[in-house]
Structure formats: C-alpha cells, structure tokens
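# Examination of the molecular architecture
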Amino acid sequence: MKRYLSAASLVLALAVAACTQAAPSGTASPGVSGAPSDRAGGRVVLPMAADPGTMNPIFAGSVAEVQLARVLFNGLARLNPETFVPEPMLATSWESTDDAMEYTFHLRDGVKWHDGQPFTADDVKFTMDKIMDPELATRPGRSFTALESTEVVDASTVKFIMKTPFPAFVSYLAYNVQIAPKHLLEGVEDLQNNTAFNTDKPIGTGAFRLVENVKGDHITLEANPDFFLGPPKLDRVIFKLLPDANTQIAQLKTGEIDLIPRLDVSVAPSVEGTPGVRLDTGVTAQFWALHLNHDFPPFTDVRVRQAMAYAIDREALVSDVLHGQGQVAAGPIAPILKSAYNPDVEPYPYDPERSKELLEEAGWTDTDGDGILDKDGEPFRFTLQVLKGFPVAEQVSAILEQEFKALGMDVTQQAYDLASFITDVRDTRSGPNMSQAYVVFMFLAPEPDDIWSYFHSSNAEAGSNFNVYRNPDADRLLDLARTSVDPEERRQAFFDVQQLLHDDVARDFLFYPNEIYAMKDTLHGVPVSTLPYPYVEQWGYE
Amino acid sequence: MLAYAVRRLGSALLAMFAVTVITFSIIQLAPGGPAILLDDRLTADDREQIRRNLGLDQPLPVQYYLWSSALVQGDLGDSYLQREPVSDLIARAFPNTLLLAGVSLALAILIGIPLGIFAAARVNSSWDYGSTFFSVVGISIPSFWLGILMIILFSVNLRVLPSAGMYTLGGDRGLADLSTHIVMPAIVMALAPLATVVRYTRSSMLGVIRNEYIPTARAKGLAERVILYRHALKNALVPVVTVIGLQLPVFLGGSVIVEKIFAWPGMGRLAVDAAFGRDYPVVMGVTVVVTLMVVVANFLTDLLYGFLDPRIRWA
C-alpha cells in the first residue's frame, strides 16, 4: 500500500521502502549496472516503495512524495540533521520582532527555477497562501495555525505576521515548507490533480532536477548546474520503484541500488557484514510509547498507569528488540533536542514489586484466587491492540503482554492492519469500542514545541493526543512553552512539562529509536535522518 | 451460436452489475478510509473538506450512481493516491500483467501437457513418480518463499539474473533485457499452474487410454505416438482446458505476491496497493477489468470445448 508520512505525526516506523549514463546493456550481469563511477560524479540509485502521486511540495504526503519533493524543491531554511538548528537556504537571513509576532526573511539573490525563471518573494507568498488554504487542507498548513498572513515587502523580502506569538515558527518553516513556483501554478484550476506539474514536470530550485518519470519503474533526476549552493557532487539521483523490502535488500547486496534509508532494525542483521555495504546509525527525535487510553476504566487511575510503567523492562526492550539501536525514554523530548531536553527526569526502572504495591494501593488484588487481579468484583482486563506489519510494534507488544500478565492482568492481543488500526483504534477514542492499550511510534518534528500536539487537551478529540490525556497543568505549561518569547521561561516550561508527563504517565514512554541507513561503503556525506534526504548536494563517492 | 453469444452477453452484464455493487459496498464497509484521511493532524474540518473534495460525503447509492454513469461513458474516475485517471493506471499495468501472464501460461502449458502425457504413457514408472513428486512440490511451494530464494541464489549469489523490475536502469530497454528480467517471475508464477496441468493431463490421459478406441487404434497397428497425440490427447484435453480456463483470471488479475517481490508493475500490485490504501476508484477499476476478463475467459473456454470435442454444441 501506499503509506503516508504526515509531516510531523504518528506515522509509524514506515517500512520504506529509479537512465542514464554508460550502464551496461543489461543482458547478463545486473550486478554491475549500479557501479558508481561510470562518470566523475556518479549516480545514486535509491529505492522507493510506491510511485509518487505528486512531487509538488504543497501536497507531498507519502514517503516517496516527501523524499522527492525535498530533493527537487527547497525551503527558506532547512534544519541541520544533527543539531536541528535552521540554516539558510532560499533565505539568507531572517529576524523576528521581540514579541515573536512578525518574522522577516531576506531572500537569496539570483536563485533560478529549473526552467530558468527567477525565484522571488511572490513565490513564497503564493506557496504559503496555498498551504494555508482551508479548501486544500494541506499537511504543512496544520503546523501554522498561528500564522495570520504572508506579505511581500519587496522582491527579495517576505514578512510573516502571526495571530499569537509563535517562537517555533522558523523551525516549522524549515521543516515543513518547500517553495513552489508561482509562475507555473498560478491560475491552475485543480492544483492537486495537476499531473502536468506534479508528476510529469515538477520545476523546483533544488540541487537536482527531473529528467524523466517512468511510472511504475523509476524516476531520474540530474544535477542542477545552477544550484544556488554550487553544483552537486553527484551527476544523477535515481529513484527506483521497489515495493518489497526484501527485494530492496537483495538489490542493495547486488549493487543495483546504493542506499536504503530507515532500515527496519529487525532486518539490519541480515544486511550487516555484506561486503561493500556500510550501516550508519543516528539518533532521532522520535519515541515509541505504550498508549493507555485515559478514559478506559483501569487506566484512569494514575497509580495503575505507574504500576504498568514499573512493570516494563525498557533496557531489555532496547537490547532485545532494537539490538541496542536506541535509548531508554523518560519523556517525549529526546536528548537530541538539547534546548528542551530535561536530563533530570529518570525513566521508570524495571520494578515489578513496586508495580504490585501500587496496584494494591489502587485496590487491585486477586481476591478470588483465579490468578487475575480484581477490584469490586471486576477483573483487570484489557485488550492490547497490535499494529501488524511493523516488527518493532509486534515484538514490543508481545513482551509487554507477558510483563502485564505476570502482574495478574488479563491481557488479550488483537491485531489490526494500518488502515483499520488508524480508524478503529487510534481515532476511536471514546464510546463502548474506545481504544484501550497499544504501542506505536511517534513521529515528531525536530522541534520540542511539537509535543504540544501530542499532549494538549485541545487535540484529544481530533488530533494527535490519541489517548485523550487531559491535564490543565500540562495544558498551561504547553501553552507557555509554545508562546513564551523568553528563552529561559520557555526552557523551564519544557522541563516542567516533561516531569509532569512522566509522573502522570501521560503516555508510557519506552525508548528513542536510532535510524539505520544501509549504503554502499564508498558513498559519503549522507546524513542519517528521519526525514530523507537532506544535504543531497553533498553526497558523493570516494 | 449467435443467440448463445447474446445470452452470454446478457448474463455477463448482469454479473458485472452484481460484482460492482457488491465490491462497491464491501470496500466502503472495510474498516479504515482513504489513506489521505489517515493523517493524525487533520482537524474535523479538514476531514470534512477532504471527504467533500473526493465526493465521499454523498450517500452510498448516489456515489454508486455517479460512478456507474461515468463508467458507461468510459470514465473510471481518478485515483486518490496517484491523482491520475484510473484508466491510465490500468492501461499502464495491464500490458505488463498480460506479458507475464502470457509467458507463465505458455510455460505451464508447453511444459505441463507434454510432462503429463509422458507420465501417463509410463504410468507407475519412476518417471511417473518423479513427475508426481514434482507436481506436489510445485503446488505446495509458497511463491513468496520461492521468489526470495531464487533472488538470493540467482541474483545475489550467482549474479546471473536481475532481481527485480522489467528493465535494467539505463539499459536499452530491449527484448534481451526484458527476457532476463521475466525469467524468475515467470517461473515462480508458472510453477503451481504447471504442476496442476501435469496432474490433470496425466489423469485425464489415463482415463482416455482405457477407452476401446485406443486398443482399436493399436490393433490397426498405429504408432504409439500417433495414438497418444492424435487419438488420446484431443479427448483428454477437455478437463485440462477447463482447469487452464479457471486459472486465466488468476493470471490476468496479476499475481500480487510475484509482482511485489519482483517489482513487476502489473495489475496485482495495483490492486493490492489500492486495497490497503483504500483507494476506492482504483479498487473498482481493477474489479471491472478483472470481472471482464473472467467473463471473457469463461466464454472462450466454452467455445474451445466445441472445437476439441465436436459432440459439444453451444446452445
């Protein structure tokens, strides 16, 4: 299926999943056709799991769409994949008023679209206006509810006006927005189905430009010699359609593709040790958590939630399920988000005795000797809802089931495919069939402010607060962190809310997973990031 | 003959109507919704807007009416995921599936029938047991397993065959290139039907050989080859043709697993991606085409009976 990667959201560790220069005419030895150094710069062949329905950055949603849009187009700024600090791209500098109500961006001179037309402030306003168009209901638009308007000051200056102070604006802009060309899209009646631009001939400002899109087979990009940061090292980047993850691995081993981003940790051992292939890992801002529905009766009691938190051996999960590729989590903000991470919040230790004490305190004991905890004649019973097709989710769920059973809980598993999981579990938050308990991966923007979406009570009914956590104290701290223009006050608010979410077991934080990239070992300059592929102009062969 | 064809056409249209109504209802009943509606950051308003944009806010019968009246005009609608006409998607995928199906079917028939005759002519010999063993293995091996195994052996270890796709990147996209790419998927796809054809040919031949006209032919002094191929085979083929006819829609619908493993851009993969992504227009479009294929395949099978056995009349 075509899996969707919403810019900054749940979207589980999606198993990600195409002529060019002097390649051999391919009769006998497919293995050599991916050889890199046919020409000076060489080419990189990347796998894609599905044909992109669009490469227009305003609409890009699936993994392949986002990957392509980010190589073909640029934002005003981009986030450094290691520090998450915004760096200049189409804008060279920016400043904001002290009240974080107005942001002024100075655009780079001399930038040209792939068709040779100049890039101007009008393109920026056009793109932002489309992103914010309620009729289009775009993904990036949802990060900018605080944005009032975009104004063109002059051809190389743009001003963004906020409704409320929004200190995280530049981060979100760098993360979520790539600029599309006004001169090609203005006046198009149906922008979403405009295949002439979206799939056949997208025109961006990026380091690579589209040569051909052979649907059902591959997409070829070539170096843009006029790229504003200088010509890229590689000659070509080819996206090859390979829907099956096992086939992707086979093709990496034969050298038919050069890189697999975001390799599932469960298959990493089968790639490790392949001659000529290297595994790179990197830390991320993502976290995995057990979601206990705060409105589902046994979980309404914080002591029960804490008891369950103490029952989980997180170190074992990291070593056994992640093969060590991750870090035990204490809260939603990963250590990599240095400006906001609170190192004083300790993860819950594995302490089943403490779990039993807490459950007893909460009134849960086995009175009838059937091995199941009960209270007021009701057994401690719930369903662990398991998302199938995601090995980490499946394995963690199986381990947690045993750990909860050991406490005397009556746990049963129920399996769901992605689409039914989302509607029947994630988005069924109340009523008789409300979700109960499930383990999923949380996809955060690399900006601490993003936790607002996950824990603020205003996102409980619809939005990313899936397990309906409602706490006025948390709301107040989250609002303060979101709007405060005093960096110290903002930091303190993030620190306090991390402690609160941990103590309250708002979500049961498990671990921060590492990303794993498998690539040809001569390939260099590829940052390991959750959202591929930044800095593609710097990729090259040794 | 003409009346027969008209009657068949009538029942085909009826079948088409029933199948589309049922599929239309089932996909809407399936849990989950179109993948574009699954984004967790969507507000209730966004969801409503997207549903309106897709026409999903209309009552189901109205949606079916709109879809079927467009269909009559040859319009299958636009894919939610690919955002292009479903007919374009199918027009791209169908020839690829047809090619793979044709090659696999040819393998199954050209190897399966002679092997079945061979086994029948030497019944209870070690050749016969060997072919039985081969058939059982062929029917039992899961294609995803065999596919991956073949990729590991022939692509990763021996490096003699390409692992996936239809053409080499940057190659000439010629016939030679295509042939090397089709070898593995065709073998994997042909194996189970081939084994089935072997079994049916063998048992059907054994049945026919017992008929009195065979000893009669032998008594006339005819060569064993002539007996087998001219006298026995034609009659023995009726059940075999039935089996192949029943397999046709499976072939033409595309093998989901084979197409996915070997990255073969055909109908099976299109259908499965659409089903998982709840891409309703594509699911419906593929359903229409496959239903049409089933109807045509059944009709052709029936016609073929008459040619094989003149006693069968179309009435």
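Residues numbered from 1 in each chain as written. Chains lettered and ligands numbered in written order. Predicted model: local features only at pLDDT ≥ 70, side-chain atom pairs only at ≥ 80, totals over all residues. Heavy atoms only, no water.

### Brief notes about the overall build of chain B
Basically, it comes down to this: Secondary structure elements follow DSSP: runs of H or I no shorter than four residues count as helices, runs of E no shorter than two count as strands, and numbering proceeds from the N terminus. Categorising residues by exposure relies on relative accessible area from a 1.4 Å probe, with only protein chains included: less than 20% of the type maximum marks a residue as buried, more than 50% marks it as exposed, and the intermediate range marks it as partly exposed. Note on contacts: a residue pair is in contact if any heavy atoms of the two residues lie within 4.5 Å. We get accessible surface area from the Shrake-Rupley algorithm with a probe of 1.4 Å; when it comes to residues, only the shown protein chains can shield them. Neither His nor the chain ends is counted toward charge; the positive residues are Lys and Arg and the negative residues Asp and Glu. Positions of charges follow a simple convention, taking NZ of Lys, CZ of Arg, CG of Asp or CD of Glu.
Each helix and strand in chain B was counted, giving 12 helices and 0 strands. In sequence order, chain B lays out its α and β elements as α-α-α-α-α-α-α-α-α-α-α-α. Each principal axis of the C-alpha atoms in chain B carries an extent, and together these give about 85 × 60 × 35 Å. Each of the 315 residues in chain B was classed as buried or not, and the buried ones make up 48%. In chain B, the proportion of contacts linking residues at least 24 apart, taken out of those at least 6 apart, comes to 72%. In the form shown here, chain B has an accessible surface area of approximately 14,900 Å², with 70% of it arising from carbon and sulfur atoms. Separation between the mean location of the 24 positive side-chain charges and that of the 20 negative ones in chain B comes to 15 Å.

### Things to note about the overall build of chain A
To keep it simple, the criterion reads: The reference for a compact globule is 2.2 Å times residues^0.38; the radius of gyration itself is calculated from the C-alpha atoms.
When helices and strands are counted, chain A shows 15 helices and 23 strands. Computed over its C-alpha atoms, the radius of gyration of chain A comes to 24 Å, within 12% of the 24 Å expected for a compact globule of 542 residues. Across its three principal directions, the C-alpha atoms of chain A cover 80 × 60 × 40 Å. Per-residue burial for chain A yields a buried fraction of 63% across its 542 residues. Accessible surface, chain A: about 18,600 Å² in total, of which carbon and sulfur atoms supply 48%. Between the centroid of the 43 positive side chains of chain A and the centroid of its 77 negative side chains there is a distance of 5 Å.

### Some details on the pairing of strand S21 (residues 515-520) of chain A
All names here are of chain A. Operational definition: Strands are labelled as partners when DSSP assigns at least two bridges between them.
With 6 of its 6 residues buried, S21 lies for the most part within the structure. Of the strand pairs in this sheet, strand S12 (residues 277-282) and S21 are connected by 6 bridges, and their pairing is antiparallel. Note that in S21 the partner of leucine 279 across the bridge is alanine 518.

### Overview of helix H1 (residues 63-72) of chain A
Counting along an α-helix, one turn takes 3.6 residues, and residues three or four places apart therefore face a common direction. Residues and elements named next belong to chain A. The buried fraction of H1 is high, at 10 of 10 residues. Within H1, burial applies to Val63, Ala64, Glu65, Val66, Gln67, Leu68, Ala69, Arg70, Val71 and Leu72. In the core, the buried residues of H1 are packed alongside strand S1 (43-48), helix H3 (169-176), strand S8 (208-214), strand S9 (218-223) and strand S10 (236-241).

### What about the interface of chain B and chain A?
Just so we agree on the cut-off: The quantity reported as buried area is the accessible area (1.4 Å probe) lost by two parts once they are put together, taken as the sum for both. Here a polar contact is recorded for every N or O atom pair within 3.5 Å, except that within protein the pair must consist of a potential hydrogen donor and a potential acceptor, and residues adjacent in sequence are included only if both atoms are side-chain atoms. Residues are grouped as follows: Ala, Val, Leu, Ile, Met, Phe, Trp, Tyr, Cys and Pro are nonpolar; Asp, Glu, Lys and Arg are charged; all remaining types, including Gly, are polar.
In this complex, chain B contributes 51 residues to the contact, which on the side of chain A involves 69 residues. Summed over both sides, the interface of chain B with chain A buries roughly 4,800 Å², with 53% coming from carbon and sulfur. Interface area lost by chain B to chain A is led by Arg41, Arg83 and Leu169 of chain B, which between them contribute 19%. If you look at where chain B meets chain A, you find 8 residue pairs in polar contact (both at pLDDT 80 or more). The set of elements that each furnish at least two residues to the side of chain B that touches chain A consists of helix H2 (44-54), helix H6 (143-157), helix H7 (175-209), helix H10 (256-261) and helix H11 (267-276) of chain B. The greatest single-element share of the side of chain B that touches chain A, amounting to 6 residues, is contributed by H2 of chain B. Of the residues that constitute the side of chain B that touches chain A, the class distribution is 22 nonpolar, 12 polar and 17 charged.

### Comments concerning the packing of aromatic side chains
Residues and elements named next belong to chain A. Rules: When the centres of two rings from Phe, Tyr and Trp lie within 6.5 Å, Trp using its six-membered ring, the rings pair. Their planes under 30 degrees apart give stacked, over 60 give edge-to-face, and anything left gives tilted. By the criterion adopted, a ring carries a charge over it if an Arg CZ or a Lys NZ lies within 6 Å of its centre and within 35 degrees of its normal.
Within the structure shown, the criterion is met by 32 aromatic pairs over all chains. Summarising the aromatic geometry, the rings of phenylalanine 73 and phenylalanine 197 are spaced 6.2 Å apart at their centres and angled 55° between planes, so their arrangement reads as tilted. Residue phenylalanine 73 is located in the loop between H1 and strand S2 (77-79), and its partner phenylalanine 197 is located in helix H5 (residues 195-200); the two are separated by 124 residues in the primary sequence. Grouping residues by exposure puts phenylalanine 73 and phenylalanine 197 together as buried. By the ring-pair criterion, three or more aromatic residues cluster together here, those being Trp94, Tyr103, Phe105, Phe144, Phe160, Phe166, Phe169 and Tyr172. Sitting over the ring of tyrosine 175, arginine 70 keeps its end group 5.6 Å from the ring centre. The ring centre of tyrosine 535 lies 3.8 Å from the NZ or CZ of arginine 78, which sits over that ring.

### Quick word on unusual backbone geometry
The phi torsion at arginine 262 of chain A lies on the positive side, around 50°, for a residue other than glycine. Even without a glycine there, the phi angle at arginine 173 of chain B is positive, about 55°. For arginine 173 of chain B, the position within the fold is in the loop between H6 and H7.

### Structural notes on the side chain of glutamine 306 of chain A
Its location among the elements puts glutamine 306 of chain A in helix H8 (residues 302-310). In contact with glutamine 306 of chain A, other than residues within four places in its own chain, are Tyr348, Leu358, Asp503 and Val505 of chain A.

### Details of a nonpolar patch on the surface
Residue and element names in this part refer to chain B. Note the following rule: Patch rule: a residue counts if its relative accessible area is over 30% and it has no salt bridge; like charges are joined within 9 Å, and nonpolar side chains (Val, Leu, Ile, Met, Phe, Trp, Tyr) within 5 Å. Any Lys or Arg side-chain nitrogen found within 4 Å of a carboxyl oxygen on Asp or Glu counts as a salt bridge.
A surface patch of nonpolar side chains, amounting to about 440 Å² of accessible area, comprises Phe144, Trp145, Leu149, Val256 and Ile257. Contributing elements (two or more residues each) for the nonpolar patch: H6 and H10. Top contributing element to the nonpolar patch by residue count: H6, with 3 residues. With respect to the helices, strands and loops of the structure, tryptophan 145 is situated in helix H6.

### Re the packing of H8 of chain A against helix H10 (residues 352-361) of chain A
All names here are of chain A. For clarity, the threshold we go by: Between the N-to-C directions of two axes lies an angle of 0 to 180 degrees, each axis being a line fitted to C-alpha atoms and, for a helix, fitted only over the stretch in contact. Here the word oblique covers every angle except those under 35 degrees (roughly parallel), over 145 (roughly antiparallel) and from 65 to 115 (roughly perpendicular). Here is the rule for handedness: rotate from the far helix to the near one, and if that takes an anticlockwise turn smaller than a right angle the crossing is left-handed, while a clockwise turn gives right-handed.
For the pair H8 and H10, the least separation of the axes is 8 Å and the interaxial angle reads 165°. By the criterion of interaxial angle, the relationship of H8 to H10 is roughly antiparallel. Note on packing geometry: the crossing formed by H8 with H10 is left-handed. In contact with Arg303, Val304, Gln306, Ala307 and Tyr310 of H8, H10 contributes Pro352, Arg354, Ser355, Leu358, Leu359 and Glu361.

### Topic: the sheet that holds S12 of chain A
What holds strands together in a sheet is hydrogen bonding between their backbones, with the strands either parallel or antiparallel. With respect to topology, 3 strands assemble into an open sheet ordered S11-S21-S12 (chain A), the strand pairing being antiparallel. If you trace the sheet from one side to the other, it starts and ends with strand S11 (259-260) and S12 of chain A, each paired once.

### Thoughts on the domain arrangement of chain A
Selection criterion: Segment limits for the domains were obtained from an automatic or database-derived domain assignment.
Here chain A is described as being made up of domain 1 (2-222 + 533-541) and domain 2 (286-513). The distance between the C-alpha centroids of domain 1 of chain A and domain 2 of chain A comes to 34 Å.

### A closer look at the side chain of asparagine 514 of chain A
All names here are of chain A. Here asparagine 514 lies in the loop between strand S20 (508-513) and S21. At a separation of 2.9 Å, a polar atom in the side chain of asparagine 514 contacts the side chain of glutamine 325. Those residues within four positions of asparagine 514 in sequence are excluded, and the remaining contacts are Gly282, Val283, Thr284, Gln325 and Gly326.

### Considerations on the pattern of salt bridges
According to the stated counting rule, one finds 28 salt bridges over all chains in the structure shown. For aspartate 504 of chain A, the salt bridge identified is with arginine 305 of chain A, shortest N-O distance 3.5 Å. Of this pair, aspartate 504 of chain A sits in the loop between helix H15 (487-503) and S20 while arginine 305 of chain A sits in helix H8, placing them 199 residues apart in sequence. A relative accessible area of 15% places aspartate 504 of chain A in the buried class. What you see here is one network of salt bridges that share partners, running through Asp200 and Lys215 of chain A together with Glu84 and Arg92 of chain B.

### Some points on the sheet that holds S9 of chain A
Residues and elements named next belong to chain A. One open sheet holds the 4 strands; their spatial order is S1-S10-S9-S8, and the pairing between them is mixed. Looking at strand neighbours, the two that pair on one side only are S1 and S8, the edges of this open sheet. Pairwise comparison of adjacent strand axes, ignoring direction, gives a mean angle of 20° for this sheet. When S8 meets S9, the two strands line up antiparallel, connected through 6 bridges. Residue pairing for S9: arginine 209 is matched across the bridge by glutamate 222.

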